2 protein chains.
Amino acid sequence: MPKATVEAPSNIAFIKYWGAKDLDEAIPAGPSLSMTLQRCASRTTAVFHEGEDGPDEVLVAHNTDDLAPAGDAFRRPIVRHLRRLCKWAGRHGRFQIATRNSFPSSAGLASSASGFAALTLAVLRAFGVAPDRATQSVLARQSGSGSAARSVMGGYVAWPEGDRHAARQVAPHDHWDLRDVIALVETAPKKVASRDGHRRANTSPFFEKRLSLLPERMKRAAAAIEAREFEALGEVIETDGVELHLITMSSVPPIFYWMPATLAVLEAVRELRAEGVPAYSTMDAGANVHVICEPHHEEQVARRLSRVDGVLEVIRDRVGPGPRTDVEPLL
Amino acid sequence: MPKATVEAPSNIAFIKYWGAKDLDEAIPAGPSLSMTLQRCASRTTAVFHEGEDGPDEVLVAHNTDDLAPAGDAFRRPIVRHLRRLCKWAGRHGRFQIATRNSFPSSAGLASSASGFAALTLAVLRAFGVAPDRATQSVLARQSGSGSAARSVMGGYVAWPEGDRHAARQVAPHDHWDLRDVIALVETAPKKVASRDGHRRANTSPFFEKRLSLLPERMKRAAAAIEAREFEALGEVIETDGVELHLITMSSVPPIFYWMPATLAVLEAVRELRAEGVPAYSTMDAGANVHVICEPHHEEQVARRLSRVDGVLEVIRDRVGPGPRTDVEPLL
């Protein structure tokens, strides 16, 4: 029975994907740029029962919990993606899927990015095919999780590039060791799903202007990464991270992802900078705050964030090399 | 000795003044609309020593404190305004000024609006002149406090109108009894003065778009006031109140006026609405939240806000008739 296991990391966007030309296939309205993480990851084992009919089986676990059958809302987009991949490969059969996330899911940490990247890559391996990275990225994106397009590769990743809206690595992880200190202020699923937020993006009167700013911002970020200019990159990160939320708060109806503790963390980061510690915050479509810094400041940043009122947990992650296959199967 | 006392109320803007064509004379970049309050007010007594030279004397008190000589930062713009008014009237002399605020000053409650409205009107009375309301508004605005232009009259006030950038009443206070329940979350002076914020407004990439939205928004607000359609007005209030902060947070460098408790109050207001209590929030350039509601919901709104974490005090105010002269002199 063809079986494969892949662990794919999450990523933190420095320039955010928000708003789509086609939401089902995640064709984005604008470009984005991210850093692939190392520790926050999804491990997925896919067993392919070729030729068999019957329902796909989907098991899921968070952290060290036991695997258990996934609920319907979790299972449905996975099954849809399995059918899409079968069609792409011209194969027929049913799957057993087991997936484990190393971080709280649906909490503004991009578990759908790592999850769909891992699923896509595990299924491709179970099929015994090895398309190029751009194709892997396109297939991951077609899950509907746009940022999955960026999680199929490591280091610093720009998306989209070219006709097929695939991601491309702009620098490998060992080009520049940056850290992501994550202040968790919320672990419950967010009230408005990213998908609904994307759909509402162009109701913001400011969305069009934002899109017009992104090409220049992409260039500045890529140049800062290439030259390893941390403060230049940090300014882009913080501007864009706030801007995503300016768009959500001016959408119709507005979406407020921030929580009180979110603002307290943003303030703590500004205080750190005032004290001479370069660190820059960003948030995905959620309340948690990612604080990007260089390795020699990580300890100090983590200590400070853990003291902020309302911070439940501090997770330390870093830029990573991307998906791995040298991992224990879950099935 | 000519002496006059005027009490002028603060106002809460439903559509905000932010950004100026001329900051010194407060010629605004866009239109604004406010409700003049009743309780939150400044009382000012002006004694005019005609023909005398020598420094102006400025005494100030908050709430029930004793009057005391004003510090330099408070005194300087007042003296500048006194000189401007003398020049306008073609008069010469020195002033004794005493002013008392009924609410915490410099905390995002517009004490400069009420203060400069009261000062302007008291000085005009001490001069023994009675220019029309548009001229009163222009003179108050020239203090540099734009919203003072709206505080020289009561009820619902639009600004600017016409060539002289004066305010105009769109409806008197007895047209519609609305309440303003103010959740104080901060009483310290804000870190970035409004004046610096105004100056930075056009560094926001979204400022121009905001300006383009205002004429239509002014019409919708005026129509809702005329028809007493509370929910239609409320949507304008809440959209515009957030938008001011989207502009500050996207200015270069960004300004974050919100505090954690600000977000908690905004959330409480959304919860109230979900429970069927129409109430809408707005914030000036500060962390405090004004919650606008109809009289029969005021009690419930005040009770809820007082229970929100981080709310120091709840102040209840309402639409008022504007400046009064039937008040006790301070000198």
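All of these numbers come straight from a predicted model, not from anything done at the bench. (Residues numbered from 1 in each chain as written. Chains lettered and ligands numbered in written order. Predicted model: local features only at pLDDT ≥ 70, side-chain atom pairs only at ≥ 80, totals over all residues. Heavy atoms only, no water.)

Caption draft 1: Representation of the interface of chain B and chain A. Of the residues lining the interface, 20 residues belong to chain B; the matching set on chain A comes to 20 residues. A combined buried area of about 1,800 Å² lies between chain B and chain A, and 80% of that area is made up of carbon and sulfur atoms. Across the contact surface, chain B and chain A share 2 salt bridges. For the salt bridge of B:Lys191 with A:Glu267, the shortest nitrogen-to-oxygen distance reads 2.8 Å. Run the count over chain B and chain A and you get 2 residue pairs in polar contact (both at pLDDT 80 or more). At the level of elements, helix 6 (207–227), helix 7 (230–249) and helix 8 (260–274) of chain B are the ones that each hand at least two residues to the side of chain B that touches chain A. In terms of residue count, the dominant contributor to the side of chain B that touches chain A is helix 8 of chain B (6 residues). For the side of chain B that touches chain A, the per-class residue count stands at 13 nonpolar, 1 polar and 6 charged. (Contact = heavy atoms within 4.5 Å. Buried area = accessible area lost by both parts, 1.4 Å probe. Salt bridge = Lys/Arg side-chain N within 4 Å of Asp/Glu carboxyl O. Polar contact = N/O pair within 3.5 Å; in protein donor to acceptor, adjacent residues only side chain to side chain. Helix = DSSP H or I, 4+ residues; strand = E, 2+ residues; numbered from the N terminus. Nonpolar A, V, L, I, M, F, W, Y, C, P; charged D, E, K, R; others polar.)

Caption draft 2: Here's a closer look at the packing of helix 8 (residues 260–274) of chain A against helix 8 of chain B. Contact pair helix 8 of chain A / helix 8 of chain B: the axes reach a minimum separation of 7 Å and the direction vectors enclose 160°. Classified by the angle their axes make, helix 8 of chain A and helix 8 of chain B are roughly antiparallel. Considering the relative orientation of helix 8 of chain A and helix 8 of chain B, their crossing is right-handed. Each of A:Pro260, A:Leu263 and A:Ala264 in helix 8 of chain A lies in contact with helix 8 of chain B, whose residues at this interface are B:Pro260, B:Leu263 and B:Ala264. (Axes fitted to C-alpha atoms, helices over the stretch in contact; angles between N-to-C directions. Parallel < 35°, antiparallel > 145°, perpendicular 65-115°, else oblique. Left-handed = near helix turned anticlockwise from the far one by under 90°.)

Caption draft 3: Representation of the relation of the copies chain B and chain A in the model. When chain B is fitted to chain A, the best match, at an RMSD of 0.0 Å, comes from turning it 180° and sliding it 0.0 Å along the axis. Taken together, the rotation and translation describe the operation of a two-fold axis. Of the C-alpha atoms belonging to chain B, the one lying closest to the rotation axis is found on B:Pro260, 1.9 Å away. (Least-squares fit on C-alpha atoms with pLDDT ≥ 70 in both.)

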